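Analysis of the macromolecular model
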Amino acid sequence: MTKLTHLTMADALAGLAAKEFTAVELTQAHLDAMAATKELNAYIVETPDVALKQAADADARYAKGEQRALDGLPLGIKDLFCTEGVQTTAASHILDGFVPPYESTVTTQLFRDGAVMLGKLNLDEFAMGSANITSHYGPVISPWSPKDEAGNFTRKLVPGGSSGGSAAAVAARLALGATGTDTGGSIRQPASFVGIVGIKPTYGRCSRWGIVAFASSLDQAGPMTRTVKDAALMLRSMAGYDPKDSTSIDLPVPDYAAALTGDIRGLRVGIPKEYRVDGMPAEIEKLWQQGIEWLKAAGATPVEISLPHTKYALPAYYIVAPAEASSNLARYDGVRFGLRVEGKDLKEMYENTRAEGFGAEVKRRIMIGTYVLSAGYYDAYYLKAQKVRARIAEDFTKAYEQCDVILTPTAPSAAFGIGEKMDDPIAMYLNDVFTVPANLAGLPGLSVPAGLSSEGLPLGLQVLGRPFDEATVLKVGHVIEQAAGPQPLPPLVS
Amino acid sequence: MAKTMAYRIAGETGEWEVVIGLEVHAQVVSNAKLFSGAATAFGAAPNSQVSFVDAGFPGMLPVINEVCVEQAVRTGLGLKAQINLRSVFDRKNYFYADLPSGYQISQFQQPIVGHGTIVLDLADGSTREVGITRLHLEMDAGKSLHDQNPTKTYIDLNRSGVALMEIVSEPDMRTPEEAAAYLRKLRTILRYLGTCDGNMEEGSMRCDINVSVRKPGEKYGTRTETKNVNSIRYVQQAIEYEAHRQVQVIEDGGVVVQETRLWDPNKGETRSMRSKEEAHDYRYFPDPDLLPLELDAAWVEDIKRTLPELPDEKKARFMADYKLPVYDAGVLVAERSRADFYEEVARGRDPKMAANFVIGDLLGALNKTGADIDSSPISAAALGGLIDLIADNTISGRIAKEVFADMLETGKPAAQIVEEKGLRQVTDTGAIDQAIAAVMAANADKVAEFRSGKDKLFGFFVGQVMKATQGKANPALVNEILTAKLKG
């Protein structure tokens, strides 16, 4: 029988319903795996007591035949979601000791549907990063990192970021699924790096209430799972209108799993010519081509499309996101919660607290953001970036007159090693080149594992869709998943 | 336009004109805050009305309170201003301990209300129009309490997030009195609309003053902004002080520095707070947590239909319908409850007499005790009852004053006082005949003088007769009979 930790969420639900095992057993199997795999540093905080209590409650419901949509499924929660009574850090020193007295809407909905919380997952500090190396709690190591015969890492690979803990935990079988957030690719790029599925829903699909904000106009929560079907199941619980978030949209949430029919005949798949960027490895190009062939074989029609403003997306993103972040992070001032480093007066206390509390990448983005909003620079940077953003959104609107979904690579490379690209923030920012446009345009985007690099590392393909058409995105992702066939386990997983 | 003498500051180099613009922060009357459900009552225990949104906790999001939007629109309509169907909330970024999120949510480039007008009622009865530049919605900050501990500052976040309307005038005022009239009129309008209680002492209406000076006819001088002046009297004083200070600076060969100043009510002076160079760069940008505020034109029309009659219209109606002089109408409409009171008194009665009693007697008496008309010991109906006794000749106007004083003290109805004290007017011609005969007998010499042409003595006889009847004789009858008798 498959190890409990290796089950998909769908299979685990079936096993629980069939009383093959209990939710407590399923949870305990994960807690044991977590204890044995601490070297990955995937979790910042483990919550075994909470988990076992939730699991026991789930078992009670199964016993009465009153199980819920995700009942008894052990999940990891990115430590950007505020969880009531459980330390929430955003992987930042500045939130030291912060225990929210409230539960985020997304986790509330997951728990409403019976999900079990195993713990809080590591991430880049305030979700700022593409490699999960900026966490105050140390970098997350990808379960794809190779080891020598003595069991020592020969190379520590990044899991991607910012949802690196979520990606590593799901890939390493330390959770059946995990929540992520995606501001510029933070769900999709790590999903691609570790060979799992991740979907960033349309902006407004999931409530942002109770999620520590990075860039409010871009942030969106989504599931990270091992299969498209699991993503569909989990997204259905996470999504939905929330009157506490003015930017959430009051639309019905479809049964996403029901959309996974495999039938994409007649669907037009846009292939944006601008995504053939300079220096893209041939294997990425090859994978992309393979994806096109799979979809064609399934009856879809590839259509070449143009997204002419693509090249401006990354610069625009790295103005808009830091601008919003510089303002969103002003509340971490040592006055009401988290870290306080005293000073001789209020100003010095602010300076000491923020100097010690924020890491280098966060400080860099606060400074960039402060700069682009400053008097005399606002028009040249922030306003211009917003105009670019509007053009990029128009590009997609026009493209969707010709196609139903868009297929691209998720990231321009496979995972790299910890310590690589560290000295050049721009090289690091390039990781997001294919994912950022969807955030700027607010569109849904999915990364699905599609193959391996020459080094044997996972590579993902990205499916973008129309606003609120996650169902079609998932359906297409499912077809790619089926065509790609079973993918190998990470070397650290047995 | 005003007929008043131009207000000028006499300097060594000639006369200076003062240019004044006001920014008023008016707290919106609403049960909940602008972006959270926390309560807004004044005087609650510190930090007892604070939601996690107001305290800037991680992951908290603002949600606009529709009531506050409605109040802003109502105010805009009351100021005859343009209502912008699309407005945008921006973040104004600065660090301060009583600003939990590190930014204030305000409206910068696209306010909810655009250009409007206020008509000032000046002391001489003339009026003057002052332009409203804009009105926007914003959240208040919390309060820093520096006097609770020798080394610490305490923070009270009850006010954090409370809805304010910032109402900005054009630099249209030229005298401290106009500024005072502007504030009074604005307060009156806000109170009529029920959108702000206008209470400056409790801080629900606060004023920043922009002042500059110039030689008449020249272009505007450099202005200073004096912050948070919390009474109309202080506003006038601060303007006077600041205008004189600026004239002095210029005439001493200096230049006025564009800066923010603070009013010190104890010393009666303004002090520099921060210069333009030290001014914050607020880094305004649209708040990504809030969608642009889109109003439905029909909704605005609905609000317009529910607007009360406003003071200017009411004043015009009082002058037209009740034939009141401009002064009386102005006094009566200054408060909505006062106008309502008056109208109840005047209904079916002599409107001028009603106005005289309300303004001259009642308001004068209330003024002495500091009470307002809502807590008047004499109700409108009771005052009307008194006037009715004059109208039906039960008492004379003179006796009425006495009855009024008694009503004020005892709260008894006029008719009861008249009965109990036997103040009913004497209309019995026999009794009046008798009194007149007695007076004429006692003053035979004066009768002779009168008859020889000294007409002025008529008043003397009236007085004597009234005195003899303790003022109760019907004056008209006294006049009539006395005339007949004296001519004899």
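It should be emphasised that the depicted structure is a prediction, and the values quoted were computed from it without experimental measurement. One numbering rule holds for all chains: residues counted from 1, following each sequence as written. Chain letters and ligand numbers both follow the written order, the letters beginning at A and the numbers at 1. At least 70 in pLDDT is required for a residue's local features to be given in this predicted model, at least 80 for side-chain atom pairs to be given and counted, and no such filter applies to totals for whole chains, interfaces and linings, which use all residues. Side-chain calculation: all heavy atoms of the structure are included, whereas hydrogens and water are not.

1. Here we look at the overall build of chain B
A run of DSSP states H or I qualifies as a helix once it reaches four residues; a run of E qualifies as a strand once it reaches two. Both are numbered from the N-terminal end. Within chain B one finds 15 helices and 16 strands. Note that the radius of gyration is over C-alpha atoms, with the globule rule given as 2.2 Å times the number of residues to the power 0.38. A compact globule built from 488 residues should have a C-alpha radius of gyration of about 23 Å, whereas chain B, at 30 Å, is more than 25% larger. Seen through its C-alpha atoms, chain B measures out along the principal axes to roughly 95 × 55 × 50 Å. Relative accessibility decides the category of a residue: with a 1.4 Å probe and only protein chains considered, values under 20% of the type maximum give buried, values over 50% give exposed, and everything between is partly exposed. The buried share among the 488 residues of chain B stands at 52%. Every residue pair with non-hydrogen atoms within 4.5 Å of one another is taken to be in contact. Restricting the contact set of chain B to residue pairs at least 6 apart, pairs at least 24 apart contribute 68%. On chain B, roughly 22300 Å² of surface is accessible, and the fraction owed to carbon and sulfur atoms is 51%. His is not counted, nor are the chain ends, whereas Lys and Arg count as positive and Asp and Glu as negative. Where a charge sits is defined by one atom per residue type, namely NZ (Lys), CZ (Arg), CG (Asp) or CD (Glu). Looking at chain B, you have 57 positive and 69 negative side-chain charges, and the mean spots of the two groups are 4 Å apart. In this description, accessible areas are obtained by the Shrake-Rupley approach with a 1.4 Å probe, and a residue is regarded as covered only by the protein chains that are shown.

2. Points about the overall build of chain A
Looking only at helices and strands, chain A features 15 helices and 11 strands. Rg of the C-alpha trace for chain A: 21 Å, near the compact-globule value of 23 Å for 494 residues, within the 12% margin. Its C-alpha atoms put chain A at 65 × 55 × 55 Å along the principal axes. Residue burial in chain A is summarised as follows: out of 494 residues, 63% are buried. Counting contacts in chain A only where the partners sit at least 6 residues apart, residues at least 24 apart contribute 77% of the total. Put simply, chain A has 46 plus and 55 minus side-chain charges, and the middle of one group is 4 Å from the middle of the other.

3. A few points about the sheet that holds strand β5 (residues 103–106) of chain B
Residues and elements named next belong to chain B. At least two bridges found by DSSP between two strands are what make those strands a pair. As summarised here, the arrangement of the 3 strands in space is β5-β4-β15, forming an open sheet in which the pairing is antiparallel. Strand pairing shows two members of the sheet lacking a second neighbour, β5 and β15 (285–286), which therefore form its edges. Two strands pair when backbone bridges link them, and strand β4 (residues 90–93) and β15 are joined in this way by 2 bridges, in the antiparallel orientation. When the bridges of β15 are listed, Asp90 appears paired with Pro286.

4. Examining the sheet that holds strand β10 (residues 445–452) of chain A
Residues and elements named next belong to chain A. Spatially, β1-β3-β2-β4-β6-β5-β10-β11-β9-β7-β8 is the arrangement adopted by the 11 strands of the open sheet, whose pairing is mixed. With partners counted over all chains shown, the strands left at the sheet margins are β1 (43–46) and β8 (301–305), one partner each. Sheet twist, expressed as the mean angle between neighbouring strand axes with direction ignored, is 30°. Here strand β4 (residues 177–181) pairs with strand β6 (residues 221–225) via 5 bridges, running antiparallel. Looking at the pairing, Gly180 lines up with Gly222 of β6. Of the strands in this sheet, β1, β2 (74–78) and β3 (116–121) touch helix α2 (residues 23–36), which is tilted by about 20° from β3. Axis angles are defined between N-to-C directions and span 0 to 180 degrees, where every axis is a line fitted to C-alpha atoms and, for a helix, only to the segment in contact.

5. Notes on the environment of Ala115(A)
Residues and elements named next belong to chain A. If you trace the backbone, Ala115 turns up in the loop between α4 (105–112) and β3. Remark: the alpha-carbon pair of Ala115 and Pro100, spanning 15 residues in sequence, is separated by 19 Å. Excluding anything up to four places from it in sequence, Ala115 contacts Gln54, Leu70, Leu73, Leu75 and Leu110.

6. Structural notes on the interface of chain A and chain B
Taken together, the 39 residues of chain A in the interface contact 29 residues of chain B. For the pair chain A and chain B, the summed buried surface comes to about 2800 Å²; carbon and sulfur atoms form 60% of the total. Salt bridge criterion: a side-chain nitrogen from Lys or Arg within 4 Å of a carboxyl oxygen from Asp or Glu. At the surface where chain A touches chain B, the tally comes to 1 salt bridge. Taking the shortest distance from any N to any O, the salt bridge between Asp289(B) and Arg208(A) comes out at 3.1 Å. Whenever two N or O atoms come within 3.5 Å, that pair is a polar contact, provided that in protein one can donate a hydrogen and the other can accept it, and provided that, for residues adjacent in sequence, both atoms are side-chain atoms. Here chain A and chain B share 16 residue pairs in polar contact (both at pLDDT 80 or more) between them. Accessible-area loss on putting two parts together, using a 1.4 Å probe and summing over both, is the definition of buried area adopted here.

7. Overview of the domain arrangement of chain B
Residue and element names in this part refer to chain B. The domain boundaries assigned to chain B delineate domain 1 (8–302), domain 2 (309–421) and domain 3 (429–487). What fixes the domain bounds is an automatic or database domain assignment. Centre-to-centre separation of domain 2 and domain 3, based on C-alpha positions: 32 Å. Each side of the interface is counted separately: domain 2 has 4 residues, and domain 3 has 5 residues. Taken together, both faces of the contact between domain 2 and domain 3 bury some 290 Å²; the carbon and sulfur share is 51%.

8. Section: helix α7 (residues 336–346) of chain B
Residues and elements named next belong to chain B. Looking only at α7, the buried set comprises Arg338, Ala339, Phe341, Tyr342, Glu343, Val345 and Ala346. Buried residues along α7 sit in contact with α2 (176–193), α5 (311–321), α6 (326–333), α8 (351–369) and α9 (380–391). The positive-phi residue at the C-terminal boundary of α7 is Gly348, with phi of around 75°.

9. Topic: the UniProt feature "domain: Asn/Gln amidotransferase" (unreviewed entry) in chain B
UniProt positions are given in the numbering used here, feature names are shortened, and annotations may be inferred rather than shown by experiment. Feature annotation in UniProt assigns "domain: Asn/Gln amidotransferase" (unreviewed entry) to the following positions: residues 340–486 of chain B. With 72% helix and 0% strand, the stretch residues 340–486 of chain B has end C-alpha atoms that lie 48 Å from each other.

10. A few points about a nonpolar patch on the surface
Patch membership is restricted to residues that have no salt bridge and whose relative accessible area is over 30%. Joining uses 9 Å for like charges and 5 Å for the nonpolar side chains Val, Leu, Ile, Met, Phe, Trp and Tyr. A cluster of nonpolar side chains, contributed by Tyr371(A), Tyr377(A) and Tyr381(A), occupies part of the molecular surface with about 280 Å² of accessible area. Note that Tyr377(A) resides in the loop between α11 (360–373) and α12 (379–399).

11. Some words on the nonpolar core
Nonpolar cores were defined as sets of buried Ala, Val, Leu, Ile, Met, Phe, Trp, Tyr and Cys residues, with membership established by side-chain atoms within 4.5 Å. Membership of the largest hydrophobic core comes to 165 residues, with the highest contact counts inside it found for Phe126(A), Leu407(A), Leu474(A) and Ile480(A). When residues in this core are grouped by element, the largest group, 10 residues, is from helix α9 (residues 313–328) of chain A. Contacts of Ile480(A), omitting those with residues within four sequence positions, involve Trp294(A), Leu295(A), Leu407(A), Val448(A), Ala450(A), Leu461(A) and Val463(A). Among the nonpolar cores identified, the runner-up in size contains 110 residues, and Trp16(B), Leu137(B), Ala380(B) and Leu383(B) belong to it.

12. Describing the side chain of Ser135(A)
Considering the arrangement of structural elements, one finds Ser135(A) in the loop between β3 and α5 (164–171). Apart from residues lying up to four places away in sequence, Ser135(A) is in contact with Ala91(A), Asn122(A), Leu123(A), Asp124(A) and Glu125(A).

13. Quick word on the UniProt feature "active site" (unreviewed entry) in chain A
Residues and elements named next belong to chain A. In the UniProt entry, the feature "active site" (unreviewed entry) is given for Lys78, Ser162 and Ser186. The largest pairwise C-alpha distance within this set of annotated residues, which runs over 109 residues, is 11.2 Å, so the set is compact in three dimensions. Looking at the element boundaries, Lys78 is found in strand β2. Separated by 2.8 Å, the side chains of Lys78 and Ser162 make a polar contact. Structurally, the position occupied by Ser162 is in the loop between β3 and α5. Overall, the relative accessible area of 0% leaves Ser162 in the buried class. In this view, Ser162 contacts Lys78, Asn122, Leu123, Asp124, Ala127, Met128, Gly129, Asn132, Thr181 and Ser186; residues no more than four positions away in its chain are not counted.

14. Brief notes about the confidence of the model for chain B
Any segment with low pLDDT has predicted coordinates that should not be analysed in fine detail. Residue-level confidence of the predictor is summarised by pLDDT, bounded by 0 at the bottom and 100 at the top. For chain B, mean pLDDT is 93; residues scoring 70 or higher make up 98% of the total. Across the interfaces of the predicted complex, the ipTM metric reaches 0.96, alongside a pTM of 0.91.

15. Let's talk about the packing of helix α1 (residues 66–78) of chain B against α2(B)
All names here are of chain B. The N-to-C vectors of α1 and α2 enclose an angle of 130°; their axes lie 10 Å apart at closest approach. By the angle class used here, α1 and α2 are oblique. α1 and α2 meet at a crossing whose hand is right-handed. Residues Arg74, Thr75 and Gly78 of α1 form the contact with α2, whose participating residues are Ile189, Leu190 and Leu193. Gly is placed with the polar residues, together with every amino acid not listed as nonpolar (Ala, Val, Leu, Ile, Met, Phe, Trp, Tyr, Cys and Pro) or charged (Asp, Glu, Lys and Arg). Residue composition of the contact of α1 with α2, by class: 3 nonpolar, 2 polar and 1 charged. Each angle is binned into one of four classes, with values under 35 degrees roughly parallel, values over 145 roughly antiparallel, values of 65 to 115 roughly perpendicular, and all other values oblique. For a crossing to be left-handed, the near helix must be turned anticlockwise from the far one by less than a right angle; the clockwise case is right-handed.

16. Side note on the packing of aromatic side chains
All names here are of chain B. Pairs were defined over the aromatic rings of Phe, Tyr and Trp, the Trp ring being its six-membered one, requiring ring centres within 6.5 Å. Orientation was assigned from the angle between planes: stacked under 30 degrees, edge-to-face over 60, tilted for the rest. Scanning the entire structure with this criterion turns up 33 aromatic pairs over all chains. With a centroid separation of 5.1 Å and 50° between ring planes, the pair formed by Phe52 and Phe57 is classed as tilted. The class for Phe52 is partly exposed, based on a relative accessible area of 33%. Measuring from centroid to centroid gives 5.3 Å for Phe318 and Tyr322, while their planes differ by 70°, and the two rings are edge-to-face.

17. Digging into the state of the cysteines
Cysteine sulfur atoms are paired as a disulfide whenever they come within 2.5 Å of each other. Summed over all chains, the structure comprises 0 disulfides over all chains. Left unpaired, Cys206(A) is separated from the closest cysteine sulfur, that of Cys82(A), by 16 Å.

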